[in-house]
Amino acid sequence: MIETLFFLSAGLFLGWSLGANDAANIFGTAVSTRMVKFKTAAIIISVFVIIGSVFSGSGAQQTLGALGEIDSLPGAFVVALAAALSIFMMTKLGLPVSTSQAVVGGIIGWNFFTGHDTDLQIVIKIVGTWIICPVLSAVIAFLLYKMVKRFINKRKIHLLSLDHYTRLGLIIAGAFGSYSLGANNIANVMGVFTDSMKLNSIKIMGILELNSTQQLFFLGAIAIAIGVCTYSKRVMMTVGNDIYKLSSMSALLVVLSHSIVLFLFASEGLKIFLESHGLPSLSLVPVSSTQAVVGAVIGIGLASGGRNINFRLVGRIGLGWIVMPVISAIISFIMMFFMQNV
């Protein structure tokens, strides 16, 4: 039991890191514009990320599992810890990074060390989403900004009423984004443990039954919530203030755009519906909350003329996205060598 908890601690640390870095981005723009208090944001994220993780987290897990099925607890421990350490280093630098990229890098490092084949088609599929995610978020934010600005100018809404509607919208969109984050990103936190750790199903109050995967996802979601509450404020300010100065309405559109993108990459029901009607759909892949937020902020900036976008910071963030999976893969490989030989 103690050994199992020790190995699982790496996944919990990874969940904490995700909460400290990625999950904070849901309300980063709202908190930085003082429309929502940090305490309120942390509570909303914590509640809805748990709900999304437990009840809708299985969709994105399938693609990640295809990249590498880790069937031993020590292997899962190493991959999760390598990803968490990579994220923690970037978080200390105040840079918003991708948990998805860190986990993918860790899995690839494990594959190299153990001699398992890495499916290049799956890698290309996942890397493709890293490009599509911020671009799609930027496009959605750009279009929403133009539509909302035109609507406000046409209706001539009073500033006090607009402020009230914006604050309410930020809370609703934040709750939706938190749910989508849990549904999409919990696979990053606990996905590597689902093949190596099997738990008996449990019933809560004789009504709600949680299987092994849902129990692991619940524990990971709790760790995310703790990360949000304890260490997320610094990254919130980087995304919300430093890339581009946002108005309260722009902050709402950033949160909404980000939430839509995460939902599109996480909803198994939506994918089935679109494919059954012969319509194109996106892959169910864990994507980066950070990439979605940064893309949305840039989209708002471009819609506003693009004059005040901090492209130097955008370049630093982009470099972090490129370096992250490489660092995680190297750490994973070294740790596997250490565990096997030392």
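Conventions and cut-offs
- Residues numbered from 1 in each chain as written.
- Predicted model: local features only at pLDDT ≥ 70, side-chain atom pairs only at ≥ 80, totals over all residues.
- Heavy atoms only, no water.
- Helix = DSSP H or I, 4+ residues; strand = E, 2+ residues; numbered from the N terminus.
- Buried < 20%, exposed > 50% of the residue type's maximum accessible area, 1.4 Å probe, protein only.
- Contact = heavy atoms within 4.5 Å.
- Areas by Shrake-Rupley, 256 points an atom, 1.4 Å probe, with all protein chains shown as cover.
- Lys, Arg positive; Asp, Glu negative; His and termini not counted.
- Charge placed at Lys NZ, Arg CZ, Asp CG, Glu CD.
- Phe/Tyr/Trp six-rings, centres within 6.5 Å; stacked < 30°, edge-to-face > 60°.
- Expected span 1.5 Å × (residues − 1).
- Bend = angle between axes of the 7 residues up to and from the residue.
- Axes fitted to C-alpha atoms, helices over the stretch in contact; angles between N-to-C directions.
- Parallel < 35°, antiparallel > 145°, perpendicular 65-115°, else oblique.
- Left-handed = near helix turned anticlockwise from the far one by under 90°.
- Nonpolar A, V, L, I, M, F, W, Y, C, P; charged D, E, K, R; others polar.
- Salt bridge = Lys/Arg side-chain N within 4 Å of Asp/Glu carboxyl O.
- Core = buried A, V, L, I, M, F, W, Y, C linked by side-chain atoms within 4.5 Å.
- Patch = residues over 30% accessible without salt bridge, like charges linked within 9 Å, V, L, I, M, F, W, Y side chains within 5 Å.
- pLDDT = per-residue confidence, 0-100.

(A) The arrangement of the overall build of the protein chain in detail. Counting its secondary structure elements, the protein chain contains 14 helices and 2 strands. Across its three principal axes, the protein chain shows a C-alpha extent of roughly 65 × 50 × 45 Å. Sorting the 342 residues of the protein chain into buried and exposed places 56% on the buried side. The long-range share in the protein chain, meaning contacts at least 24 apart out of those at least 6 apart in sequence, stands at 86%. Total accessible area on the protein chain is roughly 15400 Å²; 67% of this is exposed by carbon and sulfur atoms. The average position of the 21 basic charges and that of the 12 acidic charges among the side chains of the protein chain differ by 25 Å.

(B) Examining the packing of aromatic side chains more closely. Counted under the stated rule, the structure contains 6 aromatic pairs. With 5.6 Å between their ring centres and 70° between their planes, Phe 7 and Phe 77 make a pair best called edge-to-face. Note that Phe 7 is positioned in helix α1 (residues 2–23) and Phe 77 in helix α5 (residues 73–92), a separation of 70 residues in sequence. Phe 7 sits in the buried class, given a relative accessible area of 8%. A centroid spacing of 5.4 Å and a plane angle of 80° characterise the contact between Phe 113 and Phe 333, whose relative ring orientation is edge-to-face. With Phe 113 in helix α6 (residues 99–114) and Phe 333 in helix α14 (residues 311–341), this pair connects stretches of sequence that are 220 residues apart. Residue Phe 333 is classed as partly exposed on the basis of its relative accessible area, which comes to 36%. Put simply, the rings of Phe 6, Phe 7 and Phe 77 touch in pairs and so form one group of aromatic residues.

(C) Just the side chain of Gln 101, in detail. Checked against the element boundaries, Gln 101 lands in helix α6. For Gln 101, a relative accessible area of 3% translates into the label buried. The residues touching Gln 101, leaving out its near neighbours within four places in the chain, are Trp 130, Gln 291, Trp 321, Met 324 and Pro 325.

(D) α14, seen in detail. Here α14 spans 45 Å end to end across 31 residues, near enough to the 45 Å set by a 1.5 Å rise per residue. At Val 323, α14 shows its largest kink, close to 35°, and the proline Pro 325 lies no more than four residues downstream. Turning to α14, its buried residues are Leu 313, Ile 317, Gly 320, Trp 321, Met 324, Pro 325, Ser 328, Ala 329, Ile 331, Ser 332, Met 335 and Met 336.

(E) Region of the structure containing the packing of helix α7 (residues 120–155) against helix α11 (residues 248–264). Taken N-terminus to C-terminus, the directions of α7 and α11 make an angle of 140°; their axes are 9 Å apart at the nearest point. By the angle class used here, α7 and α11 are oblique. The two elements α7 and α11 cross, and the hand of that crossing is right-handed. Counted together, Cys 133, Leu 136, Ser 137, Ile 140, Ala 141, Leu 144, Tyr 145, Val 148 and Ile 152 of α7 and Met 249, Ser 250, Leu 253, Leu 256, Ser 257, His 258, Ile 260, Val 261 and Leu 264 of α11 form the full contact between these two elements. Split into classes, the residues belonging to the contact of α7 with α11 amount to 14 nonpolar, 4 polar and no charged.

(F) Structural context of the pattern of salt bridges. Considering all chains together, one arrives at 2 salt bridges under this definition. With a closest N to O distance of 3.3 Å, Arg 167 and Asp 163 form a salt bridge. You can see Arg 167 and its partner Asp 163 sitting in helix α8 (residues 159–190), 4 residues apart, about one turn around the helix. Residue class for Arg 167 comes out partly exposed when judged on its relative accessible area of 34%. Under the relative-accessibility criterion, Asp 163 is labelled partly exposed at 31%. The salt bridge involving Lys 271 is made with Glu 275; its shortest N-O contact spans 2.9 Å. Of this pair, Lys 271 and Glu 275 both sit in helix α12 (residues 268–276), 4 residues apart, roughly one helical turn. With a relative accessible area of 21%, Lys 271 lands in the partly exposed category. When its relative accessible area of 45% is taken as the criterion, Glu 275 is described as partly exposed.

(G) View of the nonpolar core. In this structure, Phe 27, Ile 107, Leu 170, Val 192 and Phe 193 are the most contacted members of the largest nonpolar core, which totals 92 residues. Per element, the largest residue contribution to this core is 12 residues, and it comes from α5. With 5 residues, the next largest nonpolar core counts Val 294, Ile 298, Ile 317 and Trp 321 among its residues.

(H) Main features of a nonpolar patch on the surface. Taken together, the side chains of Ile 43, Val 47, Phe 48, Ile 51, Phe 55, Ile 202, Ile 204, Met 205, Ile 207 and Leu 208 make up a nonpolar region of the molecular surface, amounting to roughly 950 Å² of accessible area. Per element, the largest residue contribution to the nonpolar patch is 5 residues, and it comes from helix α3 (residues 38–56). Locating Val 47 in the fold gives a position in helix α3.

(I) How the structure looks around the confidence of the model for the protein chain. Mean pLDDT over the protein chain stands at 83; residues scoring 70 or higher make up 93%. No element of the protein chain has a lower mean pLDDT than helix α10 (residues 233–242), which averages 63, and none a higher one than α3, which averages 91.

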